[in-house]
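Geometric and topological summary
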Amino acid sequence: MTTPTVGTGTQSIDRAADLLARVVRAPSPVTFTELAEVTGLARSTTSRLLSALERADLLARDEQARWIPGALFDHYAARRSDDAHLVEAADSTMRALGDLTGETVNLGVPRRGTVVQVAQVDSSYYLGSRDWVGTDVPAHCSALGLVLYAHGALPAPSGKLEALTPASLATGAALKARLPGIRHDGFSTTVDELEPGLTGVAAPVRLGGTVVAALGISGPTSRLAADLRSTGTLVAAHAKALSNRLDHHHQEGAA
């Protein structure tokens, strides 16, 4: 059996990517013949690549067998729309929590096996937290991530974990041992686990009883670590208020 060279594999990926881009960017559905002609590919090659893209849900065919973007693009667009609705609904709650605490307020959602922060209200202090929006943070070092693990919104990892600081959870077993306490308390905390001097507190945000996000604050350990329980209770109350708002909006939309 002949082993394909790296160049051959790369060439196939480049050709498939070109076909995908042409279909996605086209103002209307594209026929097989149009794609073969515009790319200059052999019809057999075009057919093989289009079939592979179709199997991966990257492309699909309409009623006239013309090529259109696949279901994965619909899923992504719907998810982005859901994020936008969530951020809009959370704005007033996040600002209220920021006014009460003065700390950076973040909203995180589970994505690609980790937590991605989709909205932030900046700290009113000169010494505050950074802009985390769009940043992938190791979930096991994040109060937001721990909440999502505790409620099954993220699958809990096993084995060795990356220890960013001496306080970081270093194994999946240690992480899983911590989750029942988070569910019992109604909030999670991290002290110096993502980076030294940074403390986070977070609570679950629910839609129809299912945890879909986490609301949290972060700031210097020197300001937050001494009173984590009362801060956790405060964050949990605001997360519950946001959950109630989401349920209300969802019921209105279904009516």
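Here, residues in each chain are numbered from 1, in the same order as that chain's written sequence. Residues qualify for local features only when their pLDDT is at least 70, as the model is predicted, and side-chain atom pairs are given and counted only at 80 or more; totals for whole chains, interfaces and linings, by contrast, use all residues. Just so you know, side-chain values use all the structure's heavy atoms and leave hydrogens and water out.

**Thoughts on the packing of helix 5 (residues 143-150) against helix 6 (residues 172-185)**
For the record, the criterion: All axes here are fitted lines through C-alpha atoms, helices being fitted over the stretch that makes contact, and every angle between N-to-C directions spans 0 to 180 degrees. Put simply, DSSP marks the helices as runs of H or I at least four residues long and the strands as runs of E at least two long, and each gets a number from the N terminus on. An angle below 35 degrees is read as roughly parallel, one above 145 as roughly antiparallel, one from 65 to 115 as roughly perpendicular, and any other as oblique. Contact between two residues is taken to exist if any of their heavy atoms lie within 4.5 Å; hydrogens are not considered. Polar here means any residue outside two lists: the nonpolar Ala, Val, Leu, Ile, Met, Phe, Trp, Tyr, Cys and Pro, and the charged Asp, Glu, Lys and Arg; Gly therefore counts as polar.
One way to put it is that helix 5 packs onto helix 6 with a least axis distance of 9 Å and a crossing angle of 85°. Relative to helix 6, helix 5 is oriented roughly perpendicular. On the side of helix 5, the interface is formed by Leu146, Val147, Tyr149 and Ala150, while helix 6 contributes Leu175, Arg178, Leu179, Ile182 and Arg183. Residue classes in the contact of helix 5 with helix 6 are distributed as seven nonpolar, no polar and two charged.

**Some remarks on a nonpolar patch on the surface**
Operational definition: Patch construction takes residues with relative accessible area above 30% that form no salt bridge. Like charges are linked within 9 Å, and nonpolar side chains (Val, Leu, Ile, Met, Phe, Trp, Tyr) are linked within 5 Å. Surface exposure here means Shrake-Rupley accessible area, sampled with a 1.4 Å probe, where a residue is shielded only by the protein chains that are shown. Whenever Lys or Arg places a side-chain nitrogen within 4 Å of a carboxyl oxygen from Asp or Glu, that contact is recorded as a salt bridge. Three exposure classes are used, based on accessible area relative to the maximum for each residue type with a 1.4 Å probe and protein chains only: buried under 20%, partly exposed in between, and exposed over 50%.
Together, Val24, Leu72 and Phe73 give the surface a local cluster of nonpolar side chains, amounting to about 220 Å² of exposed area. With respect to the element layout, valine 24 can be found in helix 1 (residues 6-25). When its relative accessible area of 37% is taken as the criterion, valine 24 is described as partly exposed.

**Remarks on the packing of helix 2 (residues 32-39) against helix 3 (residues 43-55)**
Test applied: Handedness of a crossing follows from how the near helix is turned relative to the far one, being left-handed for an anticlockwise turn of less than a right angle and right-handed for a clockwise one.
Following both chains from N to C, one finds helix 2 and helix 3 inclined at 115°, their axes separated by 10 Å at the closest point. Handedness of the helix 2/helix 3 crossing: right-handed. Of the residues in helix 3, those touching helix 2 at Phe32, Thr33, Leu35, Ala36 and Thr39 are Arg43, Thr46, Ser47 and Leu50. Residue composition of the contact of helix 2 with helix 3, grouped by class: four nonpolar, four polar and one charged.

**A word on the confidence of the model for the chain**
Regions with low pLDDT carry predicted coordinates that are not meant to be interpreted in detail. To keep things clear, this is the line we draw: One confidence number per residue, pLDDT, is output by the predictor and ranges from 0 to 100.
Taken residue by residue, the chain gives an average pLDDT of 88. The fraction at 70 or more is 87%. Counting interchain partners and residues more than four positions distant, the pLDDT-below-50 stretch residues 1-7 has zero contacts.

**As for the side chain of aspartate 62**
By the secondary structure assignment, aspartate 62 is in the loop between strand 1 (59-61) and strand 2 (67-69). Here aspartate 62 is in contact with Pro29 and Ile68, once residues within four sequence places are set aside.

**Comments concerning unusual backbone geometry**
Even without being glycine, aspartate 57 reaches a positive phi, approximately 65°. Here aspartate 57 lies in the loop between helix 3 and strand 1. The class for aspartate 57 is partly exposed, based on a relative accessible area of 40%. Phi is positive for alanine 65, close to 65°, though the residue is something other than glycine. Here alanine 65 is to be found in the loop between strand 1 and strand 2. Residue alanine 65 is classed as partly exposed on the basis of its relative accessible area, which comes to 44%.

**Thoughts on the pattern of salt bridges**
Here the idea is simple: oppositely charged side chains can pair when their charged atoms come close. Under the definition given, this model contains seven salt bridges. A salt bridge links aspartate 18 to arginine 22; its shortest N-O distance comes to 3.0 Å. Here arginine 22 and aspartate 18 lie together in helix 1, a separation of four residues that amounts to about one turn. Taking relative accessible area as the criterion, arginine 22 reaches 33% and is therefore assigned partly exposed. Here aspartate 185 makes a salt bridge to arginine 229, at a shortest N to O gap of 3.6 Å. Here arginine 229 lies in helix 8 (residues 228-254) and aspartate 185 lies in helix 6, a separation of 44 residues in the sequence.

**Focus: the pairing of strand 7 (residues 198-207)**
Here is the rule: Note on pairing: DSSP must find at least two bridges between two strands before they are called paired.
Along strand 7, eight of the 10 residues are buried, which leaves the element largely enclosed by surrounding structure. The sheet contact formed by strand 6 (residues 188-191) and strand 7 spans four bridges and is antiparallel. Pairing of serine 188 across the sheet is with alanine 202, part of strand 7. In textbook terms, the turn of a hairpin is the stretch between consecutive antiparallel strands, and for strand 6 and strand 7 this stretch comprises six residues, one of which, aspartate 192, has a positive phi near 60°. The pairing of strand 7 with strand 8 (residues 210-220) spans 10 bridges and is antiparallel. Counted as the bridge partner of threonine 199 is glycine 219 from strand 8. Between the antiparallel neighbours strand 7 and strand 8 lie two residues, among them glycine 208 with a positive phi of about 60°.

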